[in-house]
Amino acid sequence: MAVIERSIFTVESVSSAAQPHPKVDFLKGEPHRKHPGVTNLKTVRLPDDLQLAAQSIIHRAQVSQLAERSQKLTNFLWSRKRAVEDLVLRQKAVSLEKELWEKAMQNIGDFDEQVLEDRIRKKVLSELRRTTYRWTPLKYDEELGVVYMAARLAGGYAAVRRALNEIKKRDPSFSPQSLLDFGSGLGTVAWASHSCWGDTLKEMVCVDSSAPMNVLAERLLKGDDERAEPHIKQVYFRQFLPVSPKVQFDLVVAAFTLSELPNVNDREEAVTTLWRKTNSYLLLVENGTKEGHQMLMEARDSLLKKQEKVLHDPRPASVFAPCSHEMMCPKLAQEPVTPCNFQQRYHPLPLPGRHECQTEKFSYLILSRTKPTETVPEGLDWGRLIAPVLRRTRHVHCHVCCSDGQLQHMVVTARKHSRDVYRCARNSDWGDQLPVVQIVEEEAEVHGDSDSDENNHI
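Rules of the game
- Residues numbered from 1 in each chain as written.
- Predicted model: local features only at pLDDT ≥ 70, side-chain atom pairs only at ≥ 80, totals over all residues.
- Heavy atoms only, no water.
- Helix = DSSP H or I, 4+ residues; strand = E, 2+ residues; numbered from the N terminus.
- Buried < 20%, exposed > 50% of the residue type's maximum accessible area, 1.4 Å probe, protein only.
- Contact = heavy atoms within 4.5 Å.
- Areas by Shrake-Rupley, 256 points an atom, 1.4 Å probe, with all protein chains shown as cover.
- 1 Å grid on protein atoms, 1.4 Å probe; cavity = no way out; pocket = protein on both sides within 12 Å on 5 of 7 lines; lining within 4 Å.
- Points joined across faces, edges and corners; volume = space filled by probe spheres on them.
- Nonpolar A, V, L, I, M, F, W, Y, C, P; charged D, E, K, R; others polar.
- Phe/Tyr/Trp six-rings, centres within 6.5 Å; stacked < 30°, edge-to-face > 60°.
- Lys NZ or Arg CZ within 6 Å of the ring centre and 35° of its normal.
- Salt bridge = Lys/Arg side-chain N within 4 Å of Asp/Glu carboxyl O.
- Polar contact = N/O pair within 3.5 Å; in protein donor to acceptor, adjacent residues only side chain to side chain.
- Pairing = 2+ DSSP bridges.
- Right-handed = clockwise from strand over helix to strand, strands pointing away.
- Core = buried A, V, L, I, M, F, W, Y, C linked by side-chain atoms within 4.5 Å.
- Axes fitted to C-alpha atoms, helices over the stretch in contact; angles between N-to-C directions.
- Parallel < 35°, antiparallel > 145°, perpendicular 65-115°, else oblique.
- Left-handed = near helix turned anticlockwise from the far one by under 90°.

Colleague: How would you summarise the overall build of the chain if you had to cite specific residues and measurements?
Modeller: When its secondary structure is counted, the chain shows twelve helices and 15 strands. Taken over 458 residues, the chain has a buried fraction of 50%. Nonlocal contacts in the chain, meaning residues at least 24 apart in sequence, comprise 79% of its contacts between residues at least 6 apart. When the accessible surface of the chain is totalled, it reaches about 23,800 Å², and 50% of it is carbon and sulfur.

Right, here's the structure in full:
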């Protein structure tokens, strides 16, 4: 890919005429605004039945200061970090203790060693309490569940719906019959999956350890009428995962769940268990923060690199999205580290002070058991747009994560990249895939500074 980029950006013919472009059919008969790499959605709305049920529950609950409390909970969840691991905490304590002893030895003549040791121990504990992030589990009762619903129902639905659209658009033959949602919360994954595949889903198992949250999710399914039939059939709520490792589901999802697990070992165990239960696709979604992105990269590394002792399904994991490669995430190699995240516009639940539209920023990871059935035409590659597309007069700035594991700043023009690629770039946005066509030039020479700024690594 890097060779492709360099040939595109910095190499031109001696003559000033536009280069001939190879004819690679990547449009597949679609217009440029709907090219195969477009997976973004327009502004997402909650299904009408879901929104009406949520509004009914909120009206009945009469939670005081709901708008303020929901905003406060949103801020808390967004700023949440992973718990500090015990090993890291011990290393920090030892380092701090050593530093305090060295200072003490320089400044004190005769001293009582036991008294000094007690004083240093107290200082170490005090400093650790002051500087260590305190991770606490969230325990939902009925009222906090309603606050969570007001805060996160629409945004969570929008993120999951956008991520699922990646599978639906790129693998149109995939028609799942079974779904497992781990950490199902309000049941938004079931609603989003149903909006994608409808009644082809015959079994949806929602697992959440919180009984009040499961009750709330069932109320949403029944339109807040316990005597009514659920709007989506064959949804089953459980507090524990199915025990048998041989039971698999076509689609397995964990949305905003890894961040609820207390340590790296629990997250790795959960991800491994979910992968065992995956027949086709595993989707993980988290907040679009550094913490959320890094948790997904932990999961990615674990499933790609670690071999299980007992293999119930020998088909290996491969990355389906958003990564265009299986190397280390280049965003983690940058300083400062920035998350790989994406955006989805959505209509929020109508509450006082809510704007017409809001934006959900999220990170996601899709792993697949099966390799793509379609072969990519020779000379064609796809990169992932990892930042907003800047459209300018006769050129488009695109920041792309490429299949060689590099981040590239592409300046796409019709003259250099072909009219089709240029028009696709203008019609693409953050999160879409961009077609990159290899151009082979003969008797070409590299220009100097005139084009040097068009091949910058981010």
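Colleague: Run through the layout of surface pockets, naming residues and quoting values.
Modeller: Over the atoms, a rolling probe the size of a water molecule traces out where space has been left empty. Each pocket or cavity is described by its volume, and for the second largest pocket that value is around 980 Å³. For the second largest pocket, the lining is made up of 45 residues, of which Gly-183, Asp-208, Phe-256, Thr-257 and Glu-260 are closest to its centre. The set of elements that each furnish at least two residues to the lining of the second largest pocket consists of α3 (66–79), α6 (142–170), β2 (178–182), α7 (188–197), α9 (264–276), β6 (278–287) and α10 (290–305). The biggest single contributor to the lining of the second largest pocket is α6, with four residues. For the lining of the second largest pocket, the residue count by class is 20 nonpolar, 13 polar and twelve charged.

Colleague: Summarise unusual backbone geometry; cite the residues concerned and give the values.
Modeller: That bond from Ala-321 to Pro-322 is cis: its omega, -5 degrees, falls within 30 degrees of zero. Summarising the element assignment, Pro-322 is placed in the loop between β7 (318–321) and β8 (342–346). The amide bond that connects Glu-335 to the next residue, Pro-336, takes the cis arrangement and shows omega of -5 degrees. Looking at the element boundaries, Pro-336 is found in the loop between β7 and β8. The phi dihedral of Lys-28 is positive, around 55 degrees, even though this residue is not glycine. For Lys-28, the position within the fold is in the loop between β1 (11–13) and α2 (48–61).

Colleague: With reference to specific residues and values, describe the packing of aromatic side chains.
Modeller: The tally for this structure, following the rule as stated, stands at eight aromatic pairs. Pairing Phe-174 with Tyr-281 gives two aromatic rings, centres 4.9 Å apart and planes at 80 degrees, and the pair type is edge-to-face. Remark: Tyr-281 occurs in strand β6 and Phe-174 occurs in the loop between α6 and β2; sequence separation between them is 107 residues. Using a relative accessible area of 9% as the deciding quantity, one classes Phe-174 as buried. Note on Tyr-281: relative accessible area 3%, which makes it buried. Relative to Phe-320, the ring of Tyr-281 lies with its centre 5.1 Å away and its plane at 70 degrees, an arrangement referred to as edge-to-face. A residue pair is termed long-range when its members are at least 10 positions apart, and Tyr-281 in strand β6 and Phe-320 in strand β7 qualify at 39 residues. Among the aromatic residues, those joined into a ring-pair cluster are Phe-174, Trp-197, Tyr-281 and Phe-320. Seen from the ring of Phe-256, Arg-152 lies directly overhead, with NZ or CZ sitting 5.1 Å from the centre. Taking NZ or CZ as reference, Arg-170 lies 4.0 Å from the ring centre of Phe-320, over its face.

Colleague: I'd like to hear about the pattern of salt bridges, residue by residue, with values.
Modeller: Per the stated rule, a full pass over the model turns up 21 salt bridges. Residues Arg-219 and Glu-142 are paired through a salt bridge, measuring 4.0 Å at the closest nitrogen-oxygen approach. Residue Arg-219 is found in helix α8 (residues 211–221), and its partner Glu-142 is found in helix α6; the two are separated by 77 residues along the sequence. Since its relative accessible area comes to 59%, Glu-142 is described here as exposed. It is possible to trace a salt-bridge network through shared partners that takes in Arg-60, Glu-142, Arg-219 and Asp-224.

Colleague: Could you give an account of the side chain of Lys-277, naming the residues involved and the relevant values?
Modeller: With respect to the helices and strands, the residue Lys-277 is situated in the loop between α9 and β6. One polar contact links the side chain of Lys-277 to the main-chain carbonyl oxygen of Ser-244, over a distance of 2.8 Å. Apart from the residues lying within four places of it in its own chain, the contact partners of Lys-277 are Leu-180, Pro-242, Val-243, Ser-244, Pro-245, Val-247, Gln-248, Phe-249 and Val-252.

Colleague: Could you give me a rundown of empty space enclosed by the protein, with the residues and numbers involved?
Modeller: Counted according to the given criterion, the structure contains two cavities of 30 Å³ or more. Volume-wise, the largest cavity comes out at about 130 Å³. Together, 15 residues line the largest cavity, and His-293, Pro-322, Cys-323, Cys-329 and Cys-340 are the ones closest to its centre. Take the lining of the largest cavity: its biggest share by element is three residues, from α10.

Colleague: Tell me about the pairing of β6, and name the residues and values.
Modeller: Taking burial as the measure, the ten residues of β6 include nine buried ones, the bulk of the element. As judged from the six bridges shared by strand β5 (residues 249–255) and β6, these two strands associate in the parallel manner. Across the sheet, the residue bridging to Phe-249 is Thr-278, located in β6. Handedness of the crossover joining β5 and β6 through α9: right-handed. Relative to strand β9 (residues 358–368), β6 runs antiparallel, the two being bridged by seven bridges. Bridge pairing links Val-285 to Tyr-364 in β9.

Colleague: How would you sum up the nonpolar core? Please name residues and give values.
Modeller: Counting residues in each nonpolar core, the largest one holds 67 residues, and the members touching the most others are Met-149, Leu-251, Val-285 and Tyr-364. Among the elements that line this core, the one with the most residues is α6, at 14 residues. Of all hydrophobic cores here, the second largest spans 26 residues; its members include Leu-180, Val-252, Leu-274 and Leu-303.

Colleague: Describe the packing of α9 against α10, with residues and values.
Modeller: At a minimum axis distance of 10 Å, the contact between α9 and α10 shows a crossing angle of 55 degrees. Classified by the angle their axes make, α9 and α10 are oblique. By crossing handedness, the relation of α9 to α10 is classed as right-handed. Facing Val-264, Arg-267, Glu-268, Val-271, Thr-272 and Trp-275 of α9, the residues of α10 in contact are Met-295, Glu-298, Ala-299, Ser-302 and Leu-303. Among the residues forming the contact of α9 with α10, the class breakdown is six nonpolar, two polar and three charged.

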